[in-house]
Amino acid sequence: MELIQNTPDLSAYLAADEVIDHDHPLVRETAARLARQAEDSYAYARLAFEFVRDTIPHSADSGDPRVTWRASDVLEQGTGICYAKSHALAALLRAEDIPTALCYQRLAHDDGSGHAVHGLVAVRFNGAWHRQDPRGNKPGVDAQFSLDGERLAWVPDPESNEVDYPVLYAEPHPAVLSVLKAAPDRPYLWKTLPTEL
């Protein structure tokens, strides 16, 4: 699949905004701490990915009812669903001048009761985009940082009407951001997740 930037301006994938607030002191402090452990930008990207994947539980896995959407809030509260964790990873990567996009998949629910949009990121290295999924591993899910072939949490099954959306967004998709902002808690959010983009 060819990944398509929604804007040709690469600087848009380094920008800070209300959601990917990499100008926030907590994001900066976390990025600086991780950067001290990394010998280069590749190592930093892997460390940032593993930090978000492994130290910020996916709220559905942990049973946390809180809904986070701003990167700094995800880091402060230590919780989030796939979108929020992607926002946090994007902020950490952009804080160290690594172009990072938000991207999405349409996946079937485990119980077969429909579909939901799943969020992940893409990082740009060596003139190409590489998708990464910081969702968090669990039995049956083994996402790894990789610049040599994708190691995502899930591979969409077209026969189940699952989709890899090829567009790389510089900002969160409005359908995603609106449901995150409107949800008072995760159970409510679960009922309002977008089913497609």
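This write-up is about the structure you can find in this document. If you're wondering where the values come from, they're calculated on a predicted model, not measured in any experiment. (Residues numbered from 1 in each chain as written. Predicted model: local features only at pLDDT ≥ 70, side-chain atom pairs only at ≥ 80, totals over all residues. Heavy atoms only, no water.)

Turning to the overall build of the chain, a few remarks are in order. The helix and strand tally for the chain stands at seven helices and six strands. Listed by position from the N terminus, the elements making up the chain come as β-α-α-α-α-α-β-β-β-β-β-α-α. The globule rule puts the C-alpha radius of gyration for 197 residues at 16 Å, and the 15 Å found for the chain is close to it. Its C-alpha atoms give the chain principal-axis dimensions of roughly 45 × 35 × 30 Å. The proportion of buried residues among the 197 residues of the chain is 50%. Relative to all contacts within the chain whose residues are 6 or more apart in sequence, the contacts with residues 24 or more apart total 62%. Distance between charge centres in the chain, computed from 18 positive and 30 negative side chains, equals 4 Å. (Helix = DSSP H or I, 4+ residues; strand = E, 2+ residues; numbered from the N terminus. Rg over C-alpha atoms; globule rule 2.2 N^0.38 Å. Buried < 20%, exposed > 50% of the residue type's maximum accessible area, 1.4 Å probe, protein only. Contact = heavy atoms within 4.5 Å. Lys, Arg positive; Asp, Glu negative; His and termini not counted. Charge placed at Lys NZ, Arg CZ, Asp CG, Glu CD.)

The subject of this paragraph is the side chain of Ser 59. Positionally, Ser 59 belongs in helix 3 (residues 59-62). The contact partners of Ser 59, leaving out residues within four places of it in the chain, are Asp 64, Arg 66, Thr 79, Gly 80, Ile 81 and Arg 186.

So, on to the packing of helix 1 (residues 25-35) against helix 5 (residues 82-95). At a minimum axis distance of 9 Å, the contact between helix 1 and helix 5 shows a crossing angle of 65 degrees. Between helix 1 and helix 5, the angle falls in the class roughly perpendicular. Along this stretch, helix 1 crosses helix 5, giving a crossing that reads as right-handed. Contact with helix 1, carried on its side by Val 27, Arg 28, Thr 30, Ala 31 and Leu 34, involves Ala 91, Leu 92 and Ala 95 of helix 5 and no other residues of that element. Of the residues that constitute the contact of helix 1 with helix 5, the class distribution is six nonpolar, one polar and one charged. (Axes fitted to C-alpha atoms, helices over the stretch in contact; angles between N-to-C directions. Parallel < 35°, antiparallel > 145°, perpendicular 65-115°, else oblique. Left-handed = near helix turned anticlockwise from the far one by under 90°. Nonpolar A, V, L, I, M, F, W, Y, C, P; charged D, E, K, R; others polar.)

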